[in-house]
Amino acid sequence: MPVLFDTHAHLDSPQFDEDRAEMIARAREAGVELIVNIGFDRKTIPTTIALAEEYDFIYAAVGWHPVESIHMQAGDLEWIEELCQHPKVVAIGEIGLDYHWDTSPKEVQHEVFRKQIRLAKKVNKPIIIHNRDAHEDVIRILKEEDASEVGGIMHCYSGSWETAQQCLDMNFYISFGGPVTFKNARVPKEVLANVPLDRLLIETDCPYLAPHPHRGKRNETAFVSLIAETASQIKGISVEKLAAITTQNGKNCFRIK
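Computed from a predicted structure; not experimentally measured.

Calculation criteria
Residues numbered from 1 in each chain as written. Predicted model: local features only at pLDDT ≥ 70, side-chain atom pairs only at ≥ 80, totals over all residues. Heavy atoms only, no water. Pairing = 2+ DSSP bridges. Helix = DSSP H or I, 4+ residues; strand = E, 2+ residues; numbered from the N terminus. Axes fitted to C-alpha atoms, helices over the stretch in contact; angles between N-to-C directions. Contact = heavy atoms within 4.5 Å. Salt bridge = Lys/Arg side-chain N within 4 Å of Asp/Glu carboxyl O. Buried < 20%, exposed > 50% of the residue type's maximum accessible area, 1.4 Å probe, protein only.

### Topic: the sheet that holds strand S1 (residues 4-9)
If you walk across this open sheet you meet the 8 strands as S1-S2-S3-S4-S5-S6-S7-S8, and the pairing is parallel. Two strands close off the open sheet at either side, each with one partner strand: S1 and strand S8 (200-202). Taken pair by pair, the neighbouring strands of this sheet meet at an average axis angle of 30°, ignoring direction. As paired strands, strand S6 (residues 152-154) and strand S7 (residues 172-176) are joined by 3 bridges and run parallel to one another. From the neighbouring strand, Met154 faces S7, where its bridge partner is Ile174. Helix H4 (residues 106-123) rests against strand S4 (89-98) and strand S5 (127-132) of the sheet, and its axis sits at about 160° to S4. Contacting S1, strand S2 (32-39), S7 and S8, helix H8 (residues 224-235) crosses the sheet at an angle of about 115° to S1.

Structure follows, in structure tokens:
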């Protein structure tokens, strides 16, 4: 059975309140060895830490989501910095820019994004980037803030190969989720085909973005196996080899021994 690493999940989502333990058990049965769960605001950061403390194979990332930027208050950045000392916190994220949902003004998003990149460099943690409809500004800010010092992950990558090359040059891994399995996902499949194997990651972003054939339904961590299958076909290697490589890449990125 392939050994899998779901590098981006939201297991503390209310959508799992009825069957969280069973859902995590299904992931283990599907070969999922490691999970990084994402805490992205005042509400989800504590529940993410709690999950990481409950399960030895679950790690945590903590950060402030761009959609929530407007709600970041004095002291929140210091709180995230303190949590970075926790032995199960392996990254700052998800952070970045989101121009799809008009909830936080762009200038506020930019400020919160820059502050968290600087914090990541201070505490020496990789960053997990959320980028929706903001490719140019994300790349520009990453370059201006010298984010290559810490690197990290372009989460659920949706941009072009040209943009991906700039991310690779800045010490980032490129991660693919459910959308790469969709029949009409021409560009993501082309990008995945070009990303070097040693910089490739897979994720679910569950409960969102379920892969084919579950598209439109609740996603869960076990479905990372379906993403591995698609990625292995695109790369022309066995699913076992794809899973082993992406699992080791995730361990390298998050410095998990």
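### Notes on the pattern of salt bridges
It is possible for side chains bearing opposite charge to pair when their charged atoms get close. For the coordinates displayed, the defined rule picks out 16 salt bridges. For Arg218, the salt bridge is made with Asp19, and the minimal N-O distance between the two is 2.9 Å. With a gap of 199 residues between them, Arg218 in the loop between S8 and H8 and Asp19 in the loop between S1 and helix H1 (20-29) connect regions that are remote in the sequence. Asp19 gets classed as buried once you look at its relative accessible area, which sits at 18%. Through salt bridges with shared partners, one network takes in Arg114, Arg118, Asp137, Arg140, Glu144 and Glu145.

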